[in-house]
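# Secondary and tertiary structure notes
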Amino acid sequence: MLKSVVARLHSLSARWKETDPTYRHKRILIFVLLVLHVLPLWIFTYFPSQDGPAHIYNAYVLKVFHGAEEGALIRQHYQLNLTLFPNWFTHAFLMLLMYVVSPLVAEKILLSLIVVLFPLSLFYFLDATHKGKNLYGFLGFLFSYHYLLHMGFYSFSMSVPVFFFALGYFVKHKAEMTLNNVAILNILCILTYFCHILSYGLLTLSLILVSIISFYQNPRRVIALLSYMAPLFFLMANYLLSNDIGESDSHFGLSQIWERIGSNHLWSYLLNTKSLVYFTAHHLIITRLMLIMLGTVFIATLHNRIRQLKISSRENQFLLIFIIFTAIYFIMPSSMMSGGWINDRISLFIFPLLLPFLQQDFHRYIKRGLVIVMVIFALAHLALSYRYYYPLDKMMKEFTSATKLIKKNKAVLGLFDDRSPGVKKVPSFTHDEFVEPFTQITSYYCLGNGGVDLVNYEAKYNYFPVNWKDGRPEIADYIVTWRLGENQPTEYNLQRNYDLIHSTENLKLYQHKLERPSRAKNGQ
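Residues numbered from 1 in each chain as written. Predicted model: local features only at pLDDT ≥ 70, side-chain atom pairs only at ≥ 80, totals over all residues. Heavy atoms only, no water.

In this section: helix 16 (residues 283-307). One full turn of an α-helix is made of 3.6 residues, so residues set three or four places apart face in the same direction. Along its 25 residues, helix 16 runs 36 Å from first to last C-alpha, staying within 8% of the 36 Å computed at 1.5 Å per residue. In this structure, the buried residues of helix 16 make contact with helix 7 (139-144), helix 15 (264-271), helix 18 (342-354) and helix 19 (364-399). (Helix = DSSP H or I, 4+ residues; strand = E, 2+ residues; numbered from the N terminus. Expected span 1.5 Å × (residues − 1). Contact = heavy atoms within 4.5 Å.)

Dropping the structure here:
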């Protein structure tokens with residue numbers, strides 16, 4: 001057996017040496033960039049996201065819900081929502097990982113997967129549209145760390161690379177849709193659905209557009225392709241019918257749409273690629289330089305297509321899709337049907353969808369220059385993230401310094417005066433906080449002890465798997481405060497009803513006085 005393993009390794013090594021040196025160097029560069037982009041997720045204890053801690057906690061609730069001891073208090077106040085709604089992916093994936101690793105490690109694995117898959121999906125998508133021409137796939141590294149990931153929208157963040165894998169797979173196999181290809185396409189689309197409904201809707205639209213543009217001269221072929229997607233239409237119809245869509249009509253009046261088209265905020269967000277901005281406005285330096293690069297290549301591409309009389313060629317199908325997605329970005333409201341950040345989410349797709357249109361047949365020195373520029377953009381963007389991860393990680397460690405003091409099956413409440421603390425000791429950069437990483441951080445105090453998080457926002461919504469049962473506990477057994485200062489909440493009367501059992505420069509942990517005698521009595 002050892003001989004066969006050695007022989008196989010030798011064969012792989014020989015084939016590797018026989019491949020084109022340019023191809024080898026490209027793969028090595030991609031591997032190094034993937035490692036560099038995953039490193040911060042494992043170097044630092046905590047990932048500073050806004051809603052991430054709540055996702056980890058609710059996945060933990062799913063895992064222990066039926067536990068005899070750990071799920072006792074949880075079952076009193078939570079109920080499971082096991083319907084087939086979008087958003088399931090993150091919770092199910094984290095829950096399964098928690099049977100093997102700790103909650104924090106489970107989150108790191110999920111985040112690593114999201115960060116790695118974004119550039120890989122872009123390379124695959126571009127290669128599917130133009131065989132062997134995926135030059136602009138290196139922009140996937142810049143896009144892998146984005147605002148919505150740091151908002152803690154993990155399921156949506158996973159849906160984006162799955163979107164590009166699914167769309168790329170369809171483009172690659174649309175000419176010959178065998179039963180196996182149809183099955184794989186539907187699996188990828190259904191996975192997108194269980195990640196996020198918006199990405200699923202955009203994917204369905206993209207598949208329809210590509211089908212029509214590619215085979216508009218053969219209507220039967222278009223109808224056949226659309227019939228392969230019948231399960232996708234059924235899923236979307238089921239979702240829309242099971243949710244109240246009547247209230248959304250008020251968002252699509254001509255006056256509202258015209259107001260959004262003229263919105264300075266929406267134009268600024270798109271033209272500055274603010275979907276890549278999360279901790280400091282200095283991210284904008286990188287995004288603007290990226291747009292200058294893309295704009296230059298776009299003008300050169302347009303000039304060549306016009307000169308070669310290829311402006312109506314099928315090669316330009318993704319220019320049309322790019323235009324349609326841009327129109328949707330302006331037409332859609334910021335929130336609808338309990339979902340928010342709609343424009344932010346759509347904007348993340350727009351520029352990657354333009355990439356297949358852009359010319360790639362440049363001189364090899366220009367290609368190398370473009371790769372170098374894209375790699376510099378990605379590394380500079382990552383370096384800015386590193387610079388803020390370090391101080392934020394220190395503050396998050398301070399916030400979670402008393403988690404081991406929480407007894408089993410207790411209710412915990414977090415009170416904040418500052419959900420987005422400024423980062424100290426970073427004199428050369430401003431700290432314009434776009435993300436508030438302390439919003440759901442109290443969830444860490446309820447991991448591993450069967451606790452109920454009273455700040456658990458997910459439990460209010462029917463598109464998450466854990467919902468409130470009969471309301472929240474009336475008394476918070478523990479209250480965690482962060483930078484309250486003199487702003488003491490009068491409704492809890494901390495001085496009279498609670499004992500201070502732990503404090504740091506910014507954190508205080510209070511325990512309800514009714515808890516202490518009962519534990520002393522039970523311990524006798």
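Moving on to the side chain of K108. Along the chain, K108 falls in helix 6 (residues 103-129). For K108, which is buried and forms no salt bridge, the nearest opposite charge comes from E107, at a distance of 6.2 Å. Setting aside anything within four residues of it in sequence, one finds K108 in contact with L41, W42, F44, T45 and Y46. (Buried < 20%, exposed > 50% of the residue type's maximum accessible area, 1.4 Å probe, protein only. Lys, Arg positive; Asp, Glu negative; His and termini not counted. Salt bridge = Lys/Arg side-chain N within 4 Å of Asp/Glu carboxyl O.)

Moving on, we come to the packing of helix 5 (residues 88-97) against helix 6. It is the contact of helix 5 with helix 6, at a shortest axis distance of 9 Å, that shows an interaxial angle of 130 degrees. Regarding the angle of helix 5 to helix 6, the classification is oblique. The handedness of the crossing between helix 5 and helix 6 is right-handed. Residues F89, T90, F93, L94 and L97 of helix 5 lie in contact with helix 6, whose contacting residues are A106, E107, I109, L110 and L113. Taken together, the residues of the contact of helix 5 with helix 6 break down into 8 nonpolar, 1 polar and 1 charged. (Axes fitted to C-alpha atoms, helices over the stretch in contact; angles between N-to-C directions. Parallel < 35°, antiparallel > 145°, perpendicular 65-115°, else oblique. Left-handed = near helix turned anticlockwise from the far one by under 90°. Nonpolar A, V, L, I, M, F, W, Y, C, P; charged D, E, K, R; others polar.)

A surface patch of nonpolar side chains, about 650 Å² in accessible area, is lined by I28, F31, V32, V35, L36, L39, I43 and L379. Per-element accounting of the nonpolar patch gives the leading share, 7 residues, to helix 2 (residues 21-43). Of note, L39 is situated in helix 2. For L39, a relative accessible area of 34% corresponds to the partly exposed category. (Patch = residues over 30% accessible without salt bridge, like charges linked within 9 Å, V, L, I, M, F, W, Y side chains within 5 Å. Areas by Shrake-Rupley, 256 points an atom, 1.4 Å probe, with all protein chains shown as cover.)

Of the pairings in the sheet, the one linking strand 6 (residues 498-503) to strand 7 (residues 507-512) comprises 5 bridges and is antiparallel in character. Across the sheet, Y498 pairs through a bridge with H512, a residue of strand 7. Where strand 6 hands over to strand 7, the hairpin turn is made up of 3 residues, counted between the paired strands. (Pairing = 2+ DSSP bridges.)

It is worth spelling out the confidence of the model for the protein at this point. Predicted coordinates in regions of low pLDDT should not be interpreted in detail. When pLDDT is averaged across the protein, the result is 86; 87% of the residues are at 70 or more. In the model, residues 423-432 has pLDDT below 50 throughout and makes 27 contacts with residues more than four positions away in sequence or in other chains. Note that pLDDT drops below 50 for residues 516-524; the model gives that stretch 6 contacts with residues more than four away or on any other chain. (pLDDT = per-residue confidence, 0-100.)

Taking strand neighbours across the sheet as the criterion, the 5 strands line up as 3-2-5-7-6 in an open arrangement whose pairing is mixed. If you trace the sheet from one side to the other, it starts and ends with strand 3 (452-453) and strand 6, each paired once. Here helix 19 sits on the sheet in contact with strand 2 (411-416), strand 5 (478-482) and strand 7, set at roughly 150 degrees to strand 5.

Under the definition given, this model contains 4 salt bridges. Of the charged contacts in the structure, one is a salt bridge between E69 and K408, with a shortest N-O distance of 3.7 Å. Residue E69 is found in the loop between helix 3 (52-64) and helix 4 (72-77), and its partner K408 is found in the loop between helix 19 and strand 2; the two are separated by 339 residues along the sequence. One exposure class covers both E69 and K408, and it is exposed. The salt bridge partner of K133 is D361, with a shortest N-O separation of 3.0 Å. One end of the pair, K133, is in the loop between helix 6 and helix 7; the other, D361, is in the loop between helix 18 and helix 19, and 228 residues separate them in sequence.

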